[in-house]
Every structure is written in C-alpha cells, then in structure tokens.
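Here is what each chain is made of, one letter per residue.
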Amino acid sequence: MRKVIYALVLVSGLVFANREIKNEASKKPTPQLLSTVERKDEMKKWKATPDGRNYKKWEASPEGEKVLSGVAKISNHINAFTNMEAVVTSLSLPLGSRLGFGVMVRINGVDYIVKFEPEKSQLDQLQSLKVNDKIIIRSHTVSHAPKYSYPIIWGDYIERDSKVIFKCVPPKGGC
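The following paragraphs examine the structure supplied in this document. (Residues numbered from 1 in each chain as written. Predicted model: local features only at pLDDT ≥ 70, side-chain atom pairs only at ≥ 80, totals over all residues. Heavy atoms only, no water.)

1. A closer look at the pattern of salt bridges
Move 1: With the rule as written, the count across this model stands at five salt bridges.
Move 2: Here Lys56 makes a salt bridge to Glu59, at a shortest N to O gap of 3.2 Å. In this pair, Lys56 and Glu59 are both assigned in helix H3 (residues 50-60), three residues apart and thus about one turn of the helix distant.
Move 3: You can call Glu59 partly exposed: its relative accessible area is 23%.
Move 4: A salt bridge links Arg160 to Asp133, with the nearest nitrogen and oxygen atoms 3.2 Å apart. Of this pair, Arg160 sits in strand E7 (residues 157-160) while Asp133 sits in the loop between helix H5 (120-127) and strand E4 (134-138); the two residues are 27 residues apart in sequence, bridging distant segments of the chain. The same class applies to Arg160 and to Asp133, which are both buried. (Salt bridge = Lys/Arg side-chain N within 4 Å of Asp/Glu carboxyl O. Helix = DSSP H or I, 4+ residues; strand = E, 2+ residues; numbered from the N terminus. Buried < 20%, exposed > 50% of the residue type's maximum accessible area, 1.4 Å probe, protein only.)

2. Let's talk about the nonpolar core
Move 1: One finds Ile74, Val105, Ile107, Ile135, Ile137 and Ile153 to be the most contacted residues of the largest nonpolar core, which totals 22 residues.
Move 2: Contributing elements (two or more residues each) for this core: helix H4 (62-80), strand E1 (84-90), strand E2 (102-107), strand E3 (110-115), E4 and strand E8 (163-167).
Move 3: Each residue touching Ile153, except ones within four places of it in the same chain, is listed here: Ile74, Ile107, Tyr112, Ile113, Val114, Lys115, Ile137, Ser139, Thr141 and Val142.
Move 4: Counting six residues, the second-largest nonpolar core is a separate cluster that includes Leu93, Leu99, Met104 and Ile113. (Core = buried A, V, L, I, M, F, W, Y, C linked by side-chain atoms within 4.5 Å. Contact = heavy atoms within 4.5 Å.)

3. Here we look at the side chain of Lys115
Move 1: Along the chain, the position of Lys115 falls in strand E3.
Move 2: Given a relative accessible area of 10%, Lys115 falls into the buried group.

4. Observations concerning unusual backbone geometry
Move 1: Its identity is not glycine, yet Phe81 carries a phi of approximately 55°, on the positive side.
Move 2: A positive phi angle is found at Asn132, which is not glycine, with a value near 75°.
Move 3: Considering the arrangement of structural elements, one finds Asn132 in the loop between H5 and E4.
Move 4: The class for Asn132 is exposed, based on a relative accessible area of 58%.

5. Brief notes about the packing of aromatic side chains
Aromatic rings in a pair are described by how distant their centres are and how their planes are angled relative to each other.
Move 1: Under the definition given, this model contains four aromatic pairs.
Move 2: Between the aromatic rings of Trp46 and Tyr55, the centroid separation amounts to 5.8 Å while the plane-to-plane angle is 55°, which identifies the pairing as tilted.
Move 3: Seen from their ring centres, Phe116 and Phe166 are 5.2 Å apart, and the 75° between their planes marks the pair as edge-to-face. Here Phe166 lies in strand E8 and Phe116 lies in the loop between E3 and H5, a separation of 50 residues in the sequence.
Move 4: Among the aromatic side chains, those forming a connected cluster through ring pairs are Trp46, Tyr55 and Trp58.
Move 5: It is Arg138 that lies over the ring of Tyr157; its NZ or CZ is 4.1 Å from the centre. (Phe/Tyr/Trp six-rings, centres within 6.5 Å; stacked < 30°, edge-to-face > 60°. Lys NZ or Arg CZ within 6 Å of the ring centre and 35° of its normal.)

6. Let's talk about the sheet that holds E2
One key point about sheets: their strands pair by backbone hydrogen bonds, in either a parallel or an antiparallel sense.
Move 1: The eight strands lie next to each other as E5-E6-E3-E2-E1-E4-E7-E8, forming an open sheet whose pairing is mixed. The outermost strands of the open sheet, each flanked by one partner alone, are strand E5 (142-143) and E8.
Move 2: Alignment of E2 against E3, held across six bridges, turns out to be antiparallel. Paired with Val103 across the bridge in E3 is Val114.
Move 3: Strands in contact with H4 are E1, E2, E3, E5 and strand E6 (152-154); relative to E3, the strand with the most contacts, it is inclined by about 60°. (Pairing = 2+ DSSP bridges. Axes fitted to C-alpha atoms, helices over the stretch in contact; angles between N-to-C directions.)

7. Considerations on the packing of H3 against H4
Move 1: Running from N to C, H3 and H4 cross one another at 75°; their axes reach a closest spacing of 4 Å. Accordingly, the angle class assigned to the pair H3 and H4 is roughly perpendicular. Side by side, H3 and H4 meet where Trp58, Glu59 and Ala60 of the first sit next to Pro62, Glu63, Gly64, Glu65, Val67 and Leu68 of the second.
Move 2: Looking at side-chain class alone, the contact of H3 with H4 contains five nonpolar, one polar and three charged residues. (Parallel < 35°, antiparallel > 145°, perpendicular 65-115°, else oblique. Nonpolar A, V, L, I, M, F, W, Y, C, P; charged D, E, K, R; others polar.)

See the structure below:
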C-alpha cells in the first residue's frame, strides 16, 4: 500500500511540474507600442544608417519626388476609401517586381502599380482585365519604395462597368 501512495505522489508531482513549465513557456512578452518620442528617436537612428541615408537621397531625387507626388495626389481618396477612376495601362508589373499579381493603371495622369492578393476563385475576373479598361479602385493603402518607380496601391476593391470584379476578402479570424 505504501508503494502505491509514493508512486501516486511522485506521478502527480511530475504532472504538476510539467504543467507549470508549459504555462510559463506560453507566456510571451507582448510588444509594447513606442511613444512618439521613442518613435522619433528610432527614426533618427535609422536615418543615420546607410539604408536611411540612401532613402533620404532617393526622396530628394527627381524619381523619388515623382513617386511621393503620386502618393500625395491620391492620399485623400485612400484615407476616405473613396472611388478613384483609373485606366489599365499594362497587365504586367515592371521588370523585377516582387509584388505578386498586379496591373499598371493611370489615375489623373499619374501611373501606379495596383497590387492584389486574390484568392484562386477571384483570379479569373482579375485576369479578364484588358489594357484601356476603365475601372474604379478603392484602397486603404498606398505605399512606395525606392526600388519601384511608381506608387503602389493595394487593390481592396475593383469595379468595371458597374460590376464588382474584385473585393478583398478579410483574413479569417480577424486582423
């Protein structure tokens, strides 16, 4: 009888110890948001790096100014998620792009890359686009990078001939 009790105590001690280890391992520190001052300090540090200096040179270059001007021209539409009328100018992205699937468009005389993240079921409608098609674009995001000569619009909603041909599917489980 005594051996059984010792074994039971020993086994339950291991289970308890094992449980504590698992609980501690699952507690990961959550990243803290930086304050405004900390963000400014981090930005100053980054600007002092070679990448930061190269970015500042690109920003001041004619190509950088052209891209940033294009971003500024549509920023109100991006912030308000309103319609932008565009004309498809190319069905392929510039050589060397690593943006996935997308097209080139012109909005008010400025060329943009429109990047999509479609599901397989949405590809057929997007691939039906043709050069000179007039489309309506809505987006929450526009970005830029020194690697690209054009601002990059993330296509969230595309309409052609008053028919929705692409609508971004929210990620499962939320953001």
